[in-house]
Amino acid sequence: MANLKTGEADDWIKSLIQESNKAKEFSYCPYSQLQVGSALLTEDGKIFSGCNVENACFYLGLCAERNAINKAVSEGYRKFKAIAVSSNLEDRVIPPCGACRQVIREFGDIPVFMTKVDGSYTMMTLEELLPLSWGAEYLEELDFPKTV
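No experiment lies behind these values; they were computed from the predicted model shown.

Caption draft 1: Region of interest: the overall build of the chain. When its secondary structure is counted, the chain shows five helices and six strands. Going from the N terminus to the C terminus, the chain shows its helices and strands as β-α-β-β-α-β-α-β-β-α-α. Taking all 148 residues of the chain together, 39% fall into the buried category. Considering only residue pairs separated by 6 or more positions, the chain has 59% of its internal contacts joining residues 24 or more positions apart. If you sum the accessible surface of the chain, you get close to 8,700 Å²; carbon and sulfur atoms cover 55% of it.

This is the structure:
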């Protein structure tokens, strides 16, 4: 876990992307060969990273984004400022999969920085990536028992 003092916007974005690139080096991807890393920035400047971990039973693999989020949540964090995703794809950015978009959505509409190997990126909000998404507010409208 890294710690980031939020200063100039470009500086924290570059740092977040660098941490995401570092994380992808730890990917376990013997089947797809697609290395993916992610870095999640908390509101107080801590960065949690994660990588993809594949499994021979494909459905049991875990994406980099969810690994980073699970690490942060397991250490008590719930409020996030941004997330970056990087891969070893040369010619395009890597977007979060649908499951990761929904998990990110659980914690708010944060910017998602999708990067290329050369360090360039595209930023989209979670709302742009997952419009009309399902969230806890729907359960509240249904008067669903709250457990959190």
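Caption draft 2: Structural view of the nonpolar core. Counting 15 residues, the largest nonpolar core has Leu-40, Ala-72, Phe-80, Ile-83, Ile-104, Ile-110 and Val-112 as the members making the most contacts within it. Of all the secondary structure elements, the ones that give two or more residues to this core are α2 (64–74), β4 (80–87), β5 (111–115) and α4 (126–129). In terms of residues, this core owes the most to one element, α2, which gives three residues. Every residue in contact with Ala-72, bar those within four places of it in the chain, is listed here: Leu-40, Phe-48, Tyr-77 and Phe-80.

Caption draft 3: Here's a closer look at unusual backbone geometry. A positive phi angle, near 65°, is found at Gln-33, a position not held by glycine. Position of Gln-33 among the secondary structure elements: in the loop between α1 (9–24) and β2 (36–42). The phi dihedral of Leu-132 is positive, around 55°, even though this residue is not glycine.

Caption draft 4: Representation of the pairing of β4 within the structure. Counting buried positions along β4 gives seven out of eight residues, so the element sits mostly inside the fold. Bridging between β2 and β4 involves seven bridges; their strand directions are antiparallel. Looking at β4, one finds that Leu-40 is bridged to Ile-83. When β4 meets β5, the two strands line up parallel, connected through three bridges.

Caption draft 5: Seen up close, the pairing of β2. Burial within β2 is extensive, with seven of its seven residues counted as buried. Burial of the side chains of β2 extends over both faces: Val-36, Ser-38, Leu-40 and Thr-42 are buried on one face and Gly-37, Ala-39 and Leu-41 on the other. Pairing of β2 with strand β3 (residues 46–51) involves five bridges; the strand directions are antiparallel. Residue pairing in the sheet places Leu-41 in a bridge with Ile-47 of β3. Between the antiparallel neighbours β2 and β3 lie three residues, among them Gly-45 with a positive phi of about 95°.

Reading guide: rules and limits
Residues numbered from 1 in each chain as written. Predicted model: local features only at pLDDT ≥ 70, side-chain atom pairs only at ≥ 80, totals over all residues. Heavy atoms only, no water. Helix = DSSP H or I, 4+ residues; strand = E, 2+ residues; numbered from the N terminus. Buried < 20%, exposed > 50% of the residue type's maximum accessible area, 1.4 Å probe, protein only. Contact = heavy atoms within 4.5 Å. Areas by Shrake-Rupley, 256 points an atom, 1.4 Å probe, with all protein chains shown as cover. Core = buried A, V, L, I, M, F, W, Y, C linked by side-chain atoms within 4.5 Å. Pairing = 2+ DSSP bridges.

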